[in-house]
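Understanding the architecture of this molecule
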Amino acid sequence: ANCGEAVSEELRREFRKDARTSFFKAMNVVQEVMVNTQNDRDINISKTKRVVHSLIDHITRDESSLIELTAIKDFDDYTYAHCTNVCVYSLTLGVRLGLDRSRLSQLGMSALFHDIGKVKLPADLIRKPDAYDEDDWIQMQTHPQLGAKTILRNLKFDVHTARAARAALEHHINNDYTGYPMLRYQKVPINLFSRVISIVDTFDALTSGRIYLRKPIPPED
């Protein structure tokens, strides 16, 4: 039994080490995508897909090793960590929903890119430590449209791009069509990926104590 426990503990350490590598690779990809977008440079989609597939492998093998990393809240740039967390949570939920690998890949990329529109907003607004005033919120609420436009303009069009653009546009629209942006025309059902990302985006914001909360809410609450 002791030998089995030792092997199991060694395997657990290996899983944690691999998960950490994949998590920080994902965060580096988010940073690269954001910086390249800001400077109108090409985005390496192949690298993005590879890192998403690496996260899928870890989640299907040992999801707890990745979930543990989402609890780290003291990163220098919240946006990169937030996008990575949202990707990990989305993929975890996607696996539980029984999505196949192809759809998990599309969901993971959509999650990584869901906030890309924020690079088009003033940096002072994104990093503002105080509560937002009305003008701040008006600006912030443009990021879904900016994100969808940026994805469609900067990426080669394929199913991953289409899914990511739709998720970027819809991830702040609620099931009753409150939220933002307001849809002017016929209200189509909110896409499944957008709904998944909306849920985990809110969860990460609440547990991180962002903007509208003075202190984070414990994950179990």
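Anything mentioned here points back to the structure above.
These lines cover the structure that appears in this document, whether it is placed above or below. (Residues numbered from 1 in each chain as written. Predicted model: local features only at pLDDT ≥ 70, side-chain atom pairs only at ≥ 80, totals over all residues. Heavy atoms only, no water.)

A word on the overall build of the protein chain
Secondary structure assignment for the protein chain yields 9 helices and 0 strands. Along its sequence from the N terminus, the protein chain presents helices and strands in the succession α-α-α-α-α-α-α-α-α. Dimensions of the protein chain, computed from C-alpha atoms along their principal axes, come out at roughly 65 × 40 × 35 Å. Per-residue burial over the protein chain gives 44% buried out of 221 residues. Contacts spanning at least 24 positions in sequence make up 69% of the contacts within the protein chain whose residues lie at least 6 apart. Summed over all atoms, the accessible surface of the protein chain reaches about 12100 Å², with 52% contributed by carbon and sulfur. Distance between charge centres in the protein chain, computed from 30 positive and 30 negative side chains, equals 5 Å. (Helix = DSSP H or I, 4+ residues; strand = E, 2+ residues; numbered from the N terminus. Buried < 20%, exposed > 50% of the residue type's maximum accessible area, 1.4 Å probe, protein only. Contact = heavy atoms within 4.5 Å. Areas by Shrake-Rupley, 256 points an atom, 1.4 Å probe, with all protein chains shown as cover. Lys, Arg positive; Asp, Glu negative; His and termini not counted. Charge placed at Lys NZ, Arg CZ, Asp CG, Glu CD.)

A short note on the packing of aromatic side chains
Under the defined criterion, the tally for this structure stands at 3 aromatic pairs. Geometrically, the ring pair formed by Tyr89 and Phe203 is edge-to-face, given 5.2 Å between the ring centres and 85 degrees between the ring planes. Of this pair, Tyr89 sits in helix H3 (residues 78-96) while Phe203 sits in helix H9 (residues 192-208), placing them 114 residues apart in sequence. Of the residues examined, Tyr89 reaches a relative accessible area of 13% and is grouped as buried. Assessed through its relative accessible area of 31%, Phe203 is described here as partly exposed. Aromatic pair Tyr132 and Trp137: ring centres 5.1 Å apart, planes at 65 degrees, arrangement edge-to-face. Under the relative-accessibility criterion, Tyr132 is labelled buried at 9%. Directly above the ring of Phe193 sits Arg163, whose terminal nitrogen or CZ lies 4.5 Å from the centroid. (Phe/Tyr/Trp six-rings, centres within 6.5 Å; stacked < 30°, edge-to-face > 60°. Lys NZ or Arg CZ within 6 Å of the ring centre and 35° of its normal.)

Quick look at unusual backbone geometry
Cis rather than trans, the peptide bond between Tyr180 and Pro181 has omega equal to -5 degrees. The phi angle at Asp40 is positive, at roughly 55 degrees, despite the residue not being glycine. Within the secondary structure layout, Asp40 lies in the loop between helix H1 (2-38) and helix H2 (45-69).

Topic: helix H8 (residues 159-170)
Spanning 12 residues, H8 covers 17 Å between terminal C-alpha atoms, matching the ideal 16 Å at 1.5 Å per step. Of the positions making up H8, those classed as buried are His160, Thr161, Ala164, Ala165, Ala167, Ala168 and Glu170. Looking at the buried residues of H8, the elements they touch are H2, helix H4 (101-112), helix H7 (143-154) and H9. (Expected span 1.5 Å × (residues − 1).)

Remarks on the nonpolar core
Within the largest apolar cluster, 44 residues are counted, with the highest numbers of intra-cluster contacts made by Leu66, Leu91, Phe113 and Ile151. Breaking this core down by element, the ones donating at least two residues are H1, H2, H3, H4, H8 and H9. Beyond its immediate sequence surroundings of up to four residues, Leu66 is in contact with Ala19, Phe23, Leu55, His58, Ile59 and Val88. If you look at the next biggest cluster of nonpolar residues, it comprises 5 residues, including Leu121, Leu125, Ile126 and Met140. (Core = buried A, V, L, I, M, F, W, Y, C linked by side-chain atoms within 4.5 Å.)

Here's the deal with the environment of Ala81
Its location among the elements puts Ala81 in helix H3. Here Ala81 falls in the buried class, since its relative accessible area comes to 4%. Expressed as a C-alpha distance, the spacing of Ala81 and Asn28, which sit 53 residues apart in the sequence, is 9.5 Å.

Details of H3
In this model, H3 (19 residues) spans 27 Å end to end at C-alpha, consistent with the 27 Å of a helix rising 1.5 Å per residue. Summarising burial for H3: 15 of the 19 residues are buried, a large majority. The positive-phi residue at the C-terminal boundary of H3 is Gly98, with phi of around 85 degrees.

Brief notes about the environment of Ala111
Looking at where Ala111 falls in the secondary structure, it is placed in helix H4. The buried category is assigned to Ala111, whose relative accessible area is 0%. In this structure the C-alpha to C-alpha distance between Ala111 and Cys83, which are 28 residues apart in sequence, comes to 6.8 Å. Excluding its chain neighbours within four sequence positions, the residues that come into contact with Ala111 are Cys83, Val86, Cys87, Ser90 and Ile197.

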